[in-house]
Amino acid sequence: MFDDLQAMAADLADTDILTLFATKDRAADFSVALDGMLFDYSKTRITGEVRQTLLDLVESRGVIDKRKAMFAGKPINETEGRAVLHTALRNLVGAPVMVDGENVMPEVLDTLNRMRDFAEDVRSGRFTGQGGAITDVVNIGIGGSHLGPEMGAMALSPYHDGPRAHFVSNVDGADIADTLKALNPETTLVIVASKSFTTIETMTNAQTARDWMSNWVERPENQFVALSTAEEKTSAFGIPPARVFGFEDWVGGRYSMWGPIGLSIMLAIGPNHFRAFLEGAQAMDAHFRDAPPQKNMPIMLALTGLWHHQGCGYPTRAVLPYDQRLARLPAYFQQLEMESNGKRVTMDGTTMDYASGPVVWGEPGTNGQHAFYQLIHQGTDVIPCEFMVAAKGHEPELAHHHRLLTANCLAQSEALMRGRSLEVSRRLMADKGFEGDELERQARHRVFPGNRPSTTLIYDQLTPYRLGQIVALYEHRVFVEGAILGLNSFDQWGVELGKVLAVELEPVLSGEASGKDKDGSTSLLVHFVHTHTS
Ligand code: F6P
């Protein structure tokens, strides 16, 4: 399917990216501007011809029809027989969204209003714990019920004026123990966030939190909230319906931070800022739906990704936010992108004979510069870098910090593209007094091959609205890549097998089951645990 792209990538392999800027207005032509944001993909080897070939894929792979089907509530998550409607959660205008002939918007807006009322009660001190106003909120969840809330709460910390937000996800007891030990159980609110309300990590942590609280609080269930689609299970856990915020199965876990799963963010930043976050996402939805493909930011972001992975064959991509408050964004994108598009079978069940989604990884700049950028600049693998930076920070008194941060971000994409030739490196070493073979040897270590592609997403400031736009931008990017790849971006069967085996292994570790059917390696590891715990 990607033969044309691969042939073009081979033809362009020796083309200097810098020379492409000889074409007048390349930067403006190979970027998409939108309402306080600019996505620049000009520092790549995408030419006009490559772009056209990529855009042809949008047409030939039915992306536009699929987009229509998604917004219309058709069951495009075919392996689970579900619609995909996270966009309904930010459809603040409330235009009807039909699922199986029923308009889901009244319920969505009703839940949002209930969340707002509850958040206001908690933030104002009307809702209290046994010991008075709530000072701390602990969100217990994992995967989509954790990464979005944690990432969002951290990203928007300049807007925090509610109780402190804490996040527990790992079943490793260290996570909950370290979190709870600093808290007062009498003024802590625990949110159990689990779409299914069966996830073993979350339910184990929720039980531990309840046990902890019941040592101090007479009615711990009064300080618990559930965010889930499974109301019977939340009642069985003892959380009254008034404090259960439900959503439907057409919201995938990794797409769920816009609704009840975002409650911890709303509690921290307040309903108005949370609404601005939803408005930003809604604006990105409208842009994705209406803008022509070449001017459509999610589509062009997706096509750049496809060019690099399926066309050029680069196995990974790095997400590099120059924003400390986006430190959890790479982890959030890892679930969003890899759980969505890390598949090997197409919609109709055939095995792909092409690459599906790439490995996604990253860290905030400038920290990454002092860790793994060495490999990005001089390693043998080419890693397309997706830089992100705000023009303005939130600390006016520290504007000089932000200037430095921004300068570093722009410098990295320039350095990756320009590189440094052997000739220049020789001159540098000659200036330092090296000569002969030693000069040559030293110079070679200082060569930067350059010609390494990167994109930059720059925006005015990381406000709630802008964060909403950015997250929705990436959601739609994943959708477009998945549609072109012909896979289902909305299921996650690949996480199941390990869960089943963990359930089997737990009694083997406790000694209640023999584990005699296990392979030699697993048995050896179990034996090691037994000898070190008995
Ligand atoms: O294990 C994968 C997964 O199902 C994710 O898709 C999901 O976000 C996470 O587990 C948590 O699921 P739940 O919200 O049902 O606890």
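Residues numbered from 1 in each chain as written. Predicted model: local features only at pLDDT ≥ 70, side-chain atom pairs only at ≥ 80, totals over all residues. Heavy atoms only, no water.

1. Examining the packing of aromatic side chains
The condition is simple: Pairing of aromatic rings covers Phe, Tyr and the six-membered ring of Trp, with a centre-to-centre limit of 6.5 Å; geometry is then stacked below 30 degrees between planes, edge-to-face above 60, and tilted otherwise. Labels follow the DSSP assignment, with helices taken as runs of H or I lasting at least four residues and strands as runs of E lasting at least two, numbered in each case from the N terminus. Any Lys NZ or Arg CZ found within 6 Å of a ring centre and within 35 degrees of that ring's normal is scored as a charge over the ring.
Under the defined criterion, the tally for this structure stands at 18 aromatic pairs. Taking 6.1 Å as the distance between ring centres and 45° as the angle between the ring planes, the aromatic pair formed by Phe-224 and Phe-237 counts as tilted. Placement of the pair is Phe-224 in strand β10 (residues 224–228) and Phe-237 in the loop between α10 (231–236) and β11 (244–246), with a sequence separation of 13 residues. The rings of Phe-71, Tyr-255, Phe-288, Phe-479 and Phe-490 are connected pair by pair, giving a single aromatic cluster. The residue whose ring lies beneath Arg-67 is Phe-288, and the NZ or CZ to ring-centre distance is 5.4 Å. Stacked on the ring of Phe-237, the Lys or Arg Arg-210 has its end atom at 4.1 Å from the ring centre.

2. Observations regarding the packing of helix α4 (residues 48–60) against helix α13 (residues 297–311)
What describes two packed helices is the angle between their axes and the distance between those same axes. Keep this limit in mind: Only the stretch in contact is used when fitting a helix axis, every axis being a line fitted to C-alpha atoms; angles between N-to-C directions are given from 0 to 180 degrees. Throughout, the term roughly parallel applies to angles under 35 degrees, roughly antiparallel to angles over 145, roughly perpendicular to angles from 65 to 115, and oblique to all others. Crossings are assigned a handedness: left-handed for a near helix turned anticlockwise from the far helix by less than a right angle, right-handed for a clockwise turn. Any pair of residues with heavy atoms lying within 4.5 Å of one another is described as a contacting pair. Any residue that is not Ala, Val, Leu, Ile, Met, Phe, Trp, Tyr, Cys, Pro, Asp, Glu, Lys or Arg is counted as polar, Gly included; the first ten are nonpolar and the last four charged.
It is at 10 Å that the axes of α4 and α13 come closest, and there the two elements cross at 110°. What the angle tells us is that α4 and α13 run roughly perpendicular. Regarding α4 and α13, the two cross each other, and that crossing is right-handed. For the pair α4 and α13, the contacting residues are Val-50, Arg-51, Leu-54, Leu-55 and Val-58 in the first and Ile-299, Met-300, Leu-303, Leu-306 and Trp-307 in the second. When the residues that make up the contact of α4 with α13 are grouped by side-chain class, the tally is nine nonpolar, no polar and one charged.

3. Things to note about the site of the ligand
Here is the rule: A single heavy atom is enough: if one lies within 4 Å of a molecule or strand, its residue is considered near that molecule or strand. By the criterion applied in these results, polar contacts are pairs of N or O atoms within 3.5 Å in which, for protein atoms, one can donate a hydrogen and the other can accept it, and in which residues neighboring in sequence qualify only through two side-chain atoms. In these tables, accessible area is a Shrake-Rupley quantity obtained with a 1.4 Å probe, and a residue counts as shielded only by the protein chains included in the view. A cavity here means a set of points on a 1 Å grid, drawn over the protein atoms and nothing else, where a 1.4 Å probe fits but cannot get out; a pocket is an open set with protein on both sides within 12 Å along at least five of seven lines, and a residue lines either one if it has an atom within 4 Å of a point. Cavities and pockets are treated as containing a molecule whenever more than half of the molecule's atoms lie within 2 Å of their grid points.
Taken together, 14 residues sit near the ligand, with Gly-144, Ser-145, Ser-194, Ser-196 and Thr-199 positioned nearest. Side-chain polar atom of Ser-196 to an oxygen atom of the ligand: 2.6 Å apart, as the coordinates give it. A distance of 3.2 Å separates an oxygen atom of the ligand from a polar atom in the side chain of Gln-335. Coverage of the ligand by the protein amounts to 86% of the 390 Å² it exposes when considered alone. Taking a 2 Å distance to the grid points as the criterion, the majority of the atoms of the ligand fall inside the largest pocket.

4. What to know about the pattern of salt bridges
Here is the rule we go by: Any carboxyl oxygen of Asp or Glu that lies within 4 Å of a side-chain nitrogen of Lys or Arg is treated as forming a salt bridge with it. Each residue is placed in one exposure class: buried if its accessible area under a 1.4 Å probe, protein chains only, is under 20% of its type's maximum, exposed if it is over 50%, and partly exposed if it falls in between.
Applying the stated criterion across every chain, the model contains 31 salt bridges. Between Lys-343 and Asp-491 there is a salt bridge whose closest N-O contact spans 2.8 Å. Within this pair, whereas Lys-343 is found in the loop between α14 (329–341) and β13 (359–362), its partner Asp-491 is found in the loop between α19 (464–485) and α20 (496–510), the two being separated by 148 residues in sequence. In this structure, Lys-343 and Asp-491 share a single accessibility class: buried. For Glu-440, the salt bridge goes to Arg-426, with nearest N and O atoms at 2.8 Å.

5. Digging into the environment of Asp-65
With respect to the secondary-structure elements, Asp-65 resides in helix α5 (residues 63–71). Taking the relative accessible area as the measure of exposure, Asp-65 reaches 55% and is therefore exposed. As for Asp-65 and Ile-261, which are separated by 196 residues in sequence, their C-alpha atoms are 29 Å apart.

6. Some thoughts on the sheet that holds strand β9 (residues 188–193)
Operational definition: Pairing between strands requires that DSSP locate at least two bridges from one strand to the other.
The sheet built from five strands is open, its strands ordered β8-β7-β9-β10-β11 with parallel pairing. At either end of the open sheet lies a strand with only one pairing partner, and these are β8 (164–168) and β11. For this sheet, the mean angle separating the axes of adjacent strands, direction not counted, is 20°. For strand β7 (residues 136–140) and β9, the ladder comprises five bridges, and the chain directions are parallel. Following the sheet pairing, Ile-140 is matched in β9 by Val-192. Across the sheet, helix α9 (residues 200–214) touches β7, β8, β9 and β10, and the angle it forms with β9 is around 160°.

7. Here's the deal with the side chain of Gln-335
Examined against the element boundaries, Gln-335 turns out to sit in helix α14. With a relative accessible area of 12%, Gln-335 lands in the buried category.

8. Describing the nonpolar core
Formally: Think of a nonpolar core as a cluster: buried Ala, Val, Leu, Ile, Met, Phe, Trp, Tyr and Cys residues, connected wherever their side-chain atoms sit within 4.5 Å.
One finds Trp-250 and Leu-263 to be the most contacted residues of the largest nonpolar core, which totals 108 residues. The dominant element in this core, judged by the number of residues it contributes, is α19, at twelve residues. Those residues in contact with Leu-263, other than ones at most four positions away along the chain, are Met-115, Phe-118, Ile-191, Val-225, Leu-227 and Phe-245. One finds Val-168, Leu-183, Val-190 and Ala-206 within the second-largest nonpolar core, a separate group that totals 21 residues.

9. Quick notes on the layout of surface pockets
Convention followed: Grid points are joined across faces, edges and corners, and a volume is the space filled by probe spheres set on the points.
Empty space within the largest pocket amounts to approximately 950 Å³. If you go around the largest pocket, you meet 38 residues; those closest to its centre are Ser-196, Thr-199, Gln-492, Val-495 and Lys-499. Residue assignment for the lining of the largest pocket shows that the elements contributing at least two residues are α9, α14 and α20. Take the lining of the largest pocket: its biggest share by element is five residues, from α20. Looking at the lining of the largest pocket, its residues break down into 13 nonpolar, 16 polar and nine charged. Here the second largest pocket defines a volume of roughly 520 Å³. For the second largest pocket, the lining is made up of 24 residues, of which Gly-393, His-394, Glu-395, His-402 and Leu-405 are closest to its centre. Among the elements that line the lining of the second largest pocket, the one with the most residues is helix α16 (residues 399–418), at seven residues. For the lining of the second largest pocket, the per-class residue count stands at nine nonpolar, ten polar and five charged.

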